[in-house]
Amino acid sequence: MALTGGEMVADYLVAEGVPYVFGIPGHGDMAAFDALKDREDEITVIAPRHEQAAAHMADAYFRASGRPLATLTSIGPGSMNVATGLTTSFIDSIPLISFTGGPQTYMLGRGVLQELERQQDNVFPHIIQPMVKRNWDVQHVDLLADVLPRAFNTMLSGRPGPVHVELPMDVQAQTTELPVPDPVRRRPARGATRPDPDAVDAAAAKLLAAERPVVLAGGGCLTAGAAAEVRAVAEYLDAPVIVTMMGKGIFPEDHPLAAEHTGANGTVVGNHMSREADVILAVGTRFAEQTSSSYVEGQSFSVPPTEIVHFDIDPTEIGKNYPTAVGAVCDARSGLADLLAALTDRGGPDGRSRPEYRAELAQWRKKWREAITGRWTDELSMSRVLHEVRQATPRETIAIASAGHPQIQAFQEFLSYEPRTWLSPGGYSTMGYTLPAAIGAKLAQPDRPVVGFAGDGDLQQTIQELAVAAETGAACIVACLNNTGWISIRDFQRGMFGEDRAFSVEFRSRRGDELMPVDFTAIAKAFNCGAERVESADQVAGAVGRALASEGPYLIEFMLSRRPEDTEGINVGHWDLPKPEYLPE
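Residues numbered from 1 in each chain as written. Predicted model: local features only at pLDDT ≥ 70, side-chain atom pairs only at ≥ 80, totals over all residues. Heavy atoms only, no water.

Participant: Give a detailed account of the overall build of the chain, specifying residues and quantitative values.
Facilitator: In terms of helices and strands, the chain carries 24 helices and 19 strands. Taking 585 residues into account, the globule formula puts the C-alpha radius of gyration at 25 Å, and the chain, at 25 Å, falls close to it. Once the C-alpha set of the chain is aligned to its principal axes, its extents read approximately 70 × 65 × 55 Å. In the chain, which comprises 585 residues, the proportion classed as buried is 57%. Just so you have it, the chain exposes about 23,000 Å², and 50% of that area is on carbon and sulfur atoms. Both charge centroids of the chain, one from 51 positive and one from 76 negative side chains, sit 3 Å from each other. (Helix = DSSP H or I, 4+ residues; strand = E, 2+ residues; numbered from the N terminus. Rg over C-alpha atoms; globule rule 2.2 N^0.38 Å. Buried < 20%, exposed > 50% of the residue type's maximum accessible area, 1.4 Å probe, protein only. Areas by Shrake-Rupley, 256 points an atom, 1.4 Å probe, with all protein chains shown as cover. Lys, Arg positive; Asp, Glu negative; His and termini not counted. Charge placed at Lys NZ, Arg CZ, Asp CG, Glu CD.)

What follows is the structure, encoded as structure tokens:
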């Protein structure tokens, strides 16, 4: 039976088991949306209020569940709006498929409504190209039968990432006699990418000889489902485990070997253990700038003398930022499983015991926790909110944070115990991510609590998505951390440039003599969400309990202190922020 291009896309998404499409209808994608209308019982369309949010919802759905979704946006600005979301996913290696409407093939380059053609006919696919793993501009409807399975294979294989398919308006509407491809028959072998045996043997020898081994687990461990393998190798070596921003949750942060985080946004314990390690087993991580304290020697890593054993699915990451003693191209799960076998072959079944090393780790963890609580005052701080919310929510709670102090401090202080329970745009640090991500995560895991920690500046960038939360009934908790400004940047300005250099970071009247706080509680209620305001630490648990008991989205507006002693986090690593030469040292 002949199918239009829109029907071919819809039926293929159904065949792939995609439950949701996030997108906004416009004249450039109407034919594709019409095909989805006839399949409402097989696939659900959710319309965000801004296309950036569409990508963030799909991104978070995958992070929370491991299942990819699709976005569908119209020609021109509608699709340009999705670019920030796609870049967020690309940097963090999160797969999703983005369909965008394009100009009719028979009017290409004429400058039809919303076409960019002055430099090149329909230049949009070229604009989006560096933001995705691969893109296709489908110029004939028959090509869809080949492009669709290739797109899914590309986004899910190797190092995953988003892909983009441009659908000209006529391609959506024209018919093809070709059948809908069978994903099973078009899917390449999804087996393990195993490491070179010689590299594994060399890695085992180096780790067994180490006196202060450390495991550094990144987002690739989550993608590969390697939680059990990370734990097994760490416990065999009796080695502390440090997790990156993308790897948080892969190892329970109340385990005796949990060394939390290293880098610019790390913790005292994480930076100490990574700095003093003699061998680091790095798995599924790229040694990002934030993980590595901007590569300043001795801040987070001491390479050399520290030696690095690096396992990663992407060969370009091995040896890129630090010299590697042993490198192996593999997925994290297979690499760690083979490594564990080599360790037991060489070292016997019982593994290593390092009681003094564990005691040192415990001492530094205690020192870090005391540093956090020792800074609390009678005022309501972000740190105190994070602590109280963690105490009031179950272990399986999914926590989300986007940028600034909420991202840094939640990463440092809100403990995660299970995989896929920490969602954050680690590489792009995208403001506006939290709220749409909370919706996507709740759709992915409806039986788990979801809490999004959003500063008031972050939340205002996508606050319109409260309407979508209400419409879908996504019972997520939005923890609005309201301190009336871009306070993380204010604190950076003060710390880097001088006490009197804070500028353009507080939400004030133009006269500057009056703060202009937003009433987020009233806004949430206007969007048909539950909401309440919290002004002291003793009110947090009750508010969280009411939010958990509600049957819909619930915003808690935390009125935070704006005093620097309450807003500033604990910076234990280094971040290279160049200082203007006209300012004194």
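Participant: Now, about the sheet that holds strand E15 (residues 422-423): what can you tell me, with residues and values included?
Facilitator: If you trace the six strands from one edge of the open sheet to the other, you get E15-E14-E16-E17-E19-E18, paired in parallel fashion. Of all strands in the sheet, those bounded by a partner on one side alone are E15 and strand E18 (530-534). By the bridge criterion, two bridges tie strand E14 (residues 398-401) to E15 in an arrangement that is parallel. Directly across from Ala399, in E15, lies its bridge partner Trp422. (Pairing = 2+ DSSP bridges.)

Participant: An account of the layout of surface pockets is requested, with residue identities and associated values reported.
Facilitator: In this structure, the second largest pocket occupies an estimated 300 Å³ of space. Around the second largest pocket, the lining comprises 16 residues; the ones closest to its centre are Phe492, Met496, Asn571, Trp575 and Leu577. When residues in the lining of the second largest pocket are grouped by element, the largest group, four residues, is from helix H21 (residues 487-497). Considered class by class, the residues forming the lining of the second largest pocket number six nonpolar, eight polar and two charged. (1 Å grid on protein atoms, 1.4 Å probe; cavity = no way out; pocket = protein on both sides within 12 Å on 5 of 7 lines; lining within 4 Å. Points joined across faces, edges and corners; volume = space filled by probe spheres on them. Nonpolar A, V, L, I, M, F, W, Y, C, P; charged D, E, K, R; others polar.)

Participant: Explain the packing of helix H16 (residues 382-392) against helix H23 (residues 540-549) to me, and be specific about the residues and the numbers.
Facilitator: Two elements in contact, H16 and H23, have axes whose closest approach is 9 Å; the angle formed by their N-to-C orientations is 50°. Judged by the inter-axis angle, H16 sits oblique to H23. Pair H16 / H23 crosses with right-handed handedness. In contact with Glu388, Val389 and Ala392 of H16, H23 contributes Val540, Ala541, Val544 and Leu548. (Axes fitted to C-alpha atoms, helices over the stretch in contact; angles between N-to-C directions. Parallel < 35°, antiparallel > 145°, perpendicular 65-115°, else oblique. Left-handed = near helix turned anticlockwise from the far one by under 90°. Contact = heavy atoms within 4.5 Å.)

Participant: Lay out helix H2 (residues 30-37) in plain terms, naming residues and giving numbers.
Facilitator: Within the span of H2, buried status applies to Ala32, Phe33, Ala35 and Leu36. In a view along the axis of H2, the buried residues occupy a sector of 155°, so they form one face of it. Structural note: H2 exposes Met30 and Lys37 on the side pointing more than 90 degrees away from its buried face. (Arc of directions from axis to C-beta.)

Participant: Account for the side chain of Ser65, naming residues and giving values.
Facilitator: On the secondary structure map, Ser65 appears in helix H3 (residues 51-65). On the basis of relative accessibility, which here comes to 15%, the residue Ser65 falls in the buried class. Only 2.6 Å separates the side chain of Ser65 from the backbone oxygen of Tyr61, close enough to count as a polar contact. There is a polar contact of 3.2 Å between the side chain of Ser65 and the backbone nitrogen of Arg67. Among all residues touching Ser65, those that are not within four sequence positions of it are Arg420, Ala444 and Gln445. (Polar contact = N/O pair within 3.5 Å; in protein donor to acceptor, adjacent residues only side chain to side chain.)

Participant: Help me get a handle on the sheet that holds strand E4 (residues 70-73), residues and values and all.
Facilitator: With parallel pairing, the six strands of this open sheet are ordered in space as E3-E2-E4-E5-E7-E6. A single partner strand is all that each edge strand has here, and the edge strands are strand E3 (44-46) and strand E6 (134-137). Between one strand and the next, the sheet's axes are offset by a mean angle of 20°, whatever the strand orientation. Note: E6 against strand E7 (residues 163-168), four bridges, orientation parallel. Within E7, the residue paired with Trp136 across the bridge is Val165.

Participant: Kindly report on the packing of aromatic side chains, identifying the contributing residues and their values.
Facilitator: Here a ring pair, both rings aromatic, is described through the centre-centre distance and the interplanar angle of the planes. Throughout the structure, instances matching the rule amount to 11 aromatic pairs. The interplanar angle of 75° and the centroid separation of 5.4 Å between the aromatic rings of Phe287 and Phe301 together place this pair among those described as edge-to-face. One end of the pair, Phe287, is in the loop between strand E11 (279-283) and strand E12 (307-312); the other, Phe301, is in the loop between E11 and E12, with 14 residues separating them in the sequence. A single burial state applies to Phe287 and to Phe301, both of which are buried. Aromatic rings pair up to connect Phe287, Tyr295, Phe301 and Tyr322 into one cluster. Its end group placed over the ring of Trp422, Lys248 keeps NZ or CZ at 5.6 Å from the ring centre. (Phe/Tyr/Trp six-rings, centres within 6.5 Å; stacked < 30°, edge-to-face > 60°. Lys NZ or Arg CZ within 6 Å of the ring centre and 35° of its normal.)

By themselves, these are just geometric observations and shouldn't be taken as functional.
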